[in-house]
Amino acid sequence: MSLLNSVVNMRLFFSKMDASELSKENPERSELVSEEGKNIKAVLCQRCGSKVLCPGMAVFAEKELFLPSMRKKSGTFGSDGSDGDTLTSFWLVHDMFDFENVGFTNDVGRIKYLICADCEIGPIGWHCLDDKKSYYIAMERVNHE
C-alpha cells in the first residue's frame with residue numbers, strides 16, 4: 001500500500017477525555033494535555049533542545065501515521081516501506097506560523113515531513129499537502145518542558 005493510500009485510509013479523531021480519564025489511560029499524557037486538549041508544556045527537539053512549540057499552541061490528536069526512522073536531513077525520507085514507526089499520539093497545529101522552530105523536507109509524494117530547523121533531525125512530524133491546516137508533531141519524537 002502506498003503512503004498516499006495510507007493517508008486516504010487514515011481516521012482522525014480528537015481525544016475528548018477529561019483529565020481523570022487521561023491519567024488512567026496514560027499517566028504521562030495528563031501532565032502534557034490540558035482539559036481543553038492543548039499542550040501544557042513547551043515542545044522541544046529531542047536532540048538539540050530547540051523549542052518547536054510554545055505551550056497552548058497545539059491540540060492533542062490521535063491519528064495513525066507512519067513516520068520513517070529519525071535521521072539528519074541529508075538522509076532520505078522515503079515511502080518505500082523503509083524502517084520507521086507507526087505512531088498514534090500527536091500534537092496537531094492548524095497554522096504553520098504557530099511553530100517556533102520547524103523545518104520541512106522536500107515533498108515525498110503528497111507529504112512533507114517536519115524536522116527540527118536547528119539540527120535538522122527528523123522526521124518529528126508530518127504534513128499532507130492536501131490539507132493546508134493540519135501539521136502533526138509526534139509526541140514520542142519530541143521532549144516536553
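What you are looking at is a predicted structure, and each value in this text was computed from that prediction instead of being measured.

Draft legend 1. Highlighting the sheet that holds strand S3 (residues 51-53). One open sheet holds the 3 strands; their spatial order is S3-S2-S12, and the pairing between them is antiparallel. Looking at strand neighbours, the two that pair on one side only are S3 and strand S12 (142-144), the edges of this open sheet. With direction set aside, neighbouring strand axes in the sheet form an average angle of 45°. Here 2 bridges tie strand S2 (residues 43-45) to S3, and the two strands are oriented antiparallel to one another.

Draft legend 2. Seen up close, the pattern of salt bridges. Taken as a whole, this structure holds 3 salt bridges when the rule is applied. A salt bridge links Lys-112 to Asp-107, with the shortest nitrogen-to-oxygen separation between them at 2.8 Å. Given the relative accessible area of 22%, Lys-112 is considered partly exposed. Judged by its relative accessible area of 44%, Asp-107 is partly exposed. Asp-130 serves as the salt-bridge partner of Arg-110, at 3.0 Å between the closest nitrogen and oxygen. A residue pair is termed long-range when its members are at least 10 positions apart, and Arg-110 in the loop between strand S7 (103-104) and strand S8 (111-115) and Asp-130 in the loop between strand S10 (125-128) and strand S11 (135-138) qualify at 20 residues.

Draft legend 3. Broad picture of the pairing of strand S4 (residues 59-68). With 7 of 10 residues buried, S4 is to be regarded as a mostly interior element. Relative to strand S6 (residues 84-93), S4 runs antiparallel, the two sharing 8 bridges. In the sheet register, Phe-66 faces S6, and the bridge partner there is Thr-86.

Draft legend 4. Broad picture of the pairing of S6. Sheet topology places S6 next to S11; 4 bridges connect them, and they run antiparallel. Residue pairing in the sheet places Leu-92 in a bridge with Tyr-136 of S11.

Draft legend 5. Representation of the packing of aromatic side chains. This structure, assessed with the given rule, holds 5 aromatic pairs. The interplanar angle of 80° and the centroid separation of 6.5 Å between the aromatic rings of Phe-60 and Trp-91 together place this pair among those described as edge-to-face. Of this pair, Phe-60 sits in strand S4 while Trp-91 sits in strand S6, and the two are 31 residues apart along the sequence. The pair formed by Phe-60 and Trp-91 is uniform in burial state, with each residue classed as buried. Seen from their ring centres, Phe-90 and Tyr-136 are 5.9 Å apart, and the 80° between their planes marks the pair as edge-to-face. Separated by 46 residues along the polypeptide, Phe-90 in strand S6 and Tyr-136 in strand S11 bring together distant segments of the chain. By relative accessible area, which is 0% here, Phe-90 ends up buried. Classification of Tyr-136 as buried rests on a relative accessible area of 2%. Taken together, the aromatic side chains of Phe-90, Trp-126 and Tyr-136 make up a single cluster linked through ring pairs.

Conventions used here
- Residues numbered from 1 in each chain as written.
- Predicted model: local features only at pLDDT ≥ 70, side-chain atom pairs only at ≥ 80, totals over all residues.
- Heavy atoms only, no water.
- Pairing = 2+ DSSP bridges.
- Helix = DSSP H or I, 4+ residues; strand = E, 2+ residues; numbered from the N terminus.
- Axes fitted to C-alpha atoms, helices over the stretch in contact; angles between N-to-C directions.
- Salt bridge = Lys/Arg side-chain N within 4 Å of Asp/Glu carboxyl O.
- Buried < 20%, exposed > 50% of the residue type's maximum accessible area, 1.4 Å probe, protein only.
- Phe/Tyr/Trp six-rings, centres within 6.5 Å; stacked < 30°, edge-to-face > 60°.

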